[in-house]
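Analysis of the macromolecular model
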Amino acid sequence: MRLAAMCWLSPPSCLPSLCVDDKMNTAAPLLWICLLVGWFGQRLPLTAQGLPLHQRIDQRFSQTSLGKFGQCSDAEYLRRVSLDLIGMPPTADQTRQFIADSAPNKRAMLVAQLLSSPHYARHQASMLELMLMERRANTHVTAEEWQAWLLAAVRDNKPWNLLAKELLVTDGAEPSSRPASRFFLDRTAEPHLLTRDIGRVFFGRDLQCAQCHDHPLVKDYLQADYHGLLAFVSTSYTQILKEGEKEKTVLAEKAGAELAFESVFEGVPHRTGPRLPDLLALNEAFLLPGEEYQVPPADNVQAIPAFSRRAKMAELATNGTNRAFNENIVNRLWAQMLGRGLVHPVDWHHADNPASDPELLQLLADQFAAMNYDMRSFLGELALTEVYQRSFDTPQDSLALADKARETCSAIESQLVALDAQATASTERYATATDAWYAAEAIAIPVAKELDVARNAYAELRKKQDDATAALTTATSKLNTQQQLESSLQQSLAALQLTSQLLPSDTEIADAVQKLQAKSQAATTEIATVQPTIEPLTVAQTAAIEATRNAKPALEASLAKLTPFSDAVRAAEDVMLQARRQSAIDSGAFLALRGRLETSQRIAKLPELQQAIAAAEAQAAQLATAVSVEQTNLASTTALLHEKAQVLQQLTTGLEAAQQAASLAQAELARRNQESQSLVAAVSATETALAALPGDETLVEVLGKLQNRLAASQMQIGQSQQAVDAADALLQDSLALRTRARQALEGEQAACTLNQQALDTASATLALAQSTVSQRQADFVAAQATLDEHWSRDFTMAVIKPLTPEQLCWTVFRVTGVYDNYWAVEVAELDKATPLTEEQKLDNELLRNRQWELEQRVYDKLKGNIPVFVAFYGAAAGQPQSDFFSTADQALFAANGSAINSWVAPAGDNVTQRMIQQVDLQLAAEELYLAILTRLPSIEEKQDIVNYLSPRIEDKPVAVQELVWALLNSAEFRFNY
């Protein structure tokens, strides 16, 4: 029978139909009620104001927020809270049921169900492992031991302070508690590594840069803070204990002393005892040399000091009053659920990086301690807050908040002046108190060195006393041993001699008598040798004891001399710490309020930016109109220019014709003048000949004809002259017309040039105005983006966070149906191997344990895939694991990994198989998005799927696998939104 949606993820009304099989239908509602009431029914602790914590949180945000912002959809919330609480998303069926459920409290019911799931313990154990060990290799404690211990702690809902105390104090000697020693052992008890990691993981302070000098960037991180924490852990070291052929590494601890250090920049000597961040240095009782150990160091011995600094550190951190410890863990749990800490980064708590809401951080820390450090209840409270349920989309009505933002700015600005002055004064008091502390320390150090000299002298004498006592003890023990041996030998010899007398012929008895006599003599000789040394050794011991006793007053006097100076240093340190705490409070309040002011100012400026866009757009529109006018003018001028150019062309053509006509007329006139001149010459010559031959009829006739021709020619010359005159007149007229036309054209060309220049100027101005519009729009987008960043920092908007490699692994298994298929197999096998009786079905504890067993079985079958995802998607070992990054290797793994390709293949009832069997392609698209991304597709996305599948009906199985693979490789899939 197919495994349907898991019962602990379903609303109560759906439980019977969603159980593993029919046999559990009766027990399932009882199981749910048991889990809900027994595990989560008391998870709503009331605060001093009588409200659950999630309501107190929402109250606080309502006081600091400008208004209510969008809530995420049911589908978004279901995916978000499922990934955050159990490390994997819901199935498509569970998503449908949750969206369809109309119960007003369905989100609260969902949270209760998730926290009651066996997957909650697995996921939270994984998150704690990432925080505590940051993927370090398992060297001294196996992964199985460590994970089982963490899992049991989360299942039992062990309070965080107790869990942390075990991590800090356990030495690894006892098998039952050995897993907890991994924090120290798998860091090889290296003091500086432990100092940094304990500071980060348990107190939210990365003190690494304060090892050699005060932190260059953080005024709160002093070199004394680093070495004070180092003093707690530097006494611990790894010790190999041999048990036959086996070896076991445990934590041993030596007696502690003050640490001396100096800044590499100043060279001023300092000293400190063990001190936790923000606490006074430990005022350890002074132990005389020789009294420091319960079990002193020795080969194959686990040293145990009379006073354990590690145990004291654990006590001071976890006793419920340590503010740094409390604020660190609630900040980390907040970051786990909401994507970033109130203090971010989470290991960077200091005055210049305050919480986005310091009062809220203190409220959470106080309430978490009041809740007995109940992580499960605390995470549930966070999941129920309105801030956790906010959308990650930019609020649509941000402009509408401007008026309220301006009012807020005015109110905040009036407060900031006073807060700034208060913070400045606090910082000055802190600096003054620090100087006074250093001054008191400088006076005390020479006196402390005197005590060192006296203590060293006493220690040397005590060592001689111990050596003398050891020598006397050894000699006395040896003498006693030999005397007891001699006595025993004498008794045995007497009895044997009596027997020998009774049996004189027994050679073996006689031989034994001789051997006993030899051994007795040897013992007597040894006694004679050792006995004379007892007195001088006793004298030496007495002298050594006397010398030590005599040195003790000097040591006590040095201690008494130092005490008032030490008290003065502690008093000055106390003043400094109080001043530092107050400085951090005041600076945090100022910076947090200034952050609110910056956000409000940005909101208040949005209308101004919007108006700037509108003004720029209006100006651009006016300039566009001007450009249009200039374009019209230019077009008109260009048309006239074209007309005048045509006229000029026509007149030029006419002028050319007139010039040609004038040339022809001149040529004709010249020809006729030449003809006339020839006739005149002919007439003259004929007249000369007729004068010589008067009356010659032929000459008279010729002369008459020539004269007639000459008269006609002269007449024609007159006509030609008239033609020439007319052509010249026409030419002059044409030339004048052309000149006027050219002048008109040149005038029009000048006008056209002016119009073009005006158009170019208007176009350039328009381009500048359009650029201004783009810049104003970019300014608005940038302002909105910066505002979004501010809103993400103060949790007005939800923060998108990447899935851890483990979450990604289990999410892939869930959405591809692999996990549910394995679960179904394990259910069937368990039911077959150990079926439940009707009575057992009513045993809630048994049913809960059975769910845990099923989860463990499935985990064991699939856990081998986790290292693969960690290898591609995890950060390096020993580094913070919260940063998102993408690599080519990830892309290649997702694209070519044979495992992923096999997981998306159709199998059982997975999404691929459901899509293949679904005839309606739109419903197939819904199935795809519900299964992979826990949401319905948009209209466009649905159509894309239909368009992709429609032409590939014959190849549908392959096409569907490609779609499933594509969504698995989408950016959306890798994030928790």
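See the structure printed just above.
Summary of the structure given here. (Residues numbered from 1 in each chain as written. Predicted model: local features only at pLDDT ≥ 70, side-chain atom pairs only at ≥ 80, totals over all residues. Heavy atoms only, no water.)

**Considering the nonpolar core**
Counting residues in hydrophobic clusters, the biggest one holds 138 residues, and the most contacted among them are Leu85, Leu132, Trp160, Ile198, Phe202, Trp334 and Ile932. Ranked by the residues each element gives to this core, the list is headed by helix α26 (residues 921-933), at 9 residues. When near neighbours in sequence (up to four residues on either side) are disregarded, Trp334 contacts Ile57, Phe61, Gly339, Arg340, Gly341, Leu342, Leu360, Leu364, Leu382, Val387 and Phe795. By size, the runner-up hydrophobic cluster in this structure holds 15 residues, among which are Ala616, Ala620, Leu641 and Ala762. (Core = buried A, V, L, I, M, F, W, Y, C linked by side-chain atoms within 4.5 Å. Buried < 20%, exposed > 50% of the residue type's maximum accessible area, 1.4 Å probe, protein only. Helix = DSSP H or I, 4+ residues; strand = E, 2+ residues; numbered from the N terminus. Contact = heavy atoms within 4.5 Å.)

**Here we look at the environment of Asp357**
Tracing the backbone through its elements, the reader meets Asp357 in the loop between α13 (323-338) and α14 (358-370). Residue class for Asp357 comes out buried when judged on its relative accessible area of 8%. Along the backbone, Asp357 and Arg596 are 239 residues apart, and their C-alpha atoms lie at a distance of 9.6 Å. Each residue touching Asp357, except ones within four places of it in the same chain, is listed here: Arg60 and Thr64. Polar contacts involving the side chain of Asp357 include one to the side chain of Arg60, which spans 2.8 Å. (Polar contact = N/O pair within 3.5 Å; in protein donor to acceptor, adjacent residues only side chain to side chain.)

**Re empty space enclosed by the protein**
Going through the model one piece at a time under the given rule, you end up with 4 cavities of 30 Å³ or more. Each pocket or cavity is described by its volume, and for the largest cavity that value is around 90 Å³. Lining the largest cavity are Arg80, Met337, Leu338, Val387, Tyr388, Ala798, Val799, Ile800, Lys801, Asn976 and Tyr977. Across the lining of the largest cavity, the residue classes break down as 8 nonpolar, 1 polar and 2 charged. (1 Å grid on protein atoms, 1.4 Å probe; cavity = no way out; pocket = protein on both sides within 12 Å on 5 of 7 lines; lining within 4 Å. Points joined across faces, edges and corners; volume = space filled by probe spheres on them. Nonpolar A, V, L, I, M, F, W, Y, C, P; charged D, E, K, R; others polar.)

**What about the environment of Tyr237?**
Inspection of the secondary structure assignment puts Tyr237 in strand β1 (residues 236-243). Here Tyr237 falls in the partly exposed class, since its relative accessible area comes to 23%. A sequence separation of 48 residues divides Tyr237 from Ala189, and the C-alpha atoms of the two residues are 5.5 Å apart. The contacts of Tyr237, once residues within four sequence positions are left out, are Ala189, Val250, Leu251, Ala252, Glu253, Lys254, Pro297 and Ala303.

**Considering helix α15 (residues 375-384)**
Judged by how many residues are buried, α15 sits mostly within the fold: 10 of 10 residues are covered. If you check which residues of α15 are buried, you get Met375, Arg376, Ser377, Phe378, Leu379, Gly380, Glu381, Leu382, Ala383 and Leu384. At the N-terminal boundary of α15, the capping side chain belongs to Asp374, with an oxygen 3.2 Å from the backbone nitrogen of Arg376.

**Quick notes on the side chain of Thr385**
As for its position among the elements, Thr385 is in the loop between α15 and α16 (402-502). Looking at Thr385, its side chain comes within polar contact range of the main-chain nitrogen of Tyr388, at 3.1 Å. Once you skip the residues sitting within four places of it in the chain, Thr385 turns out to touch His54, Ile57 and Asp58.

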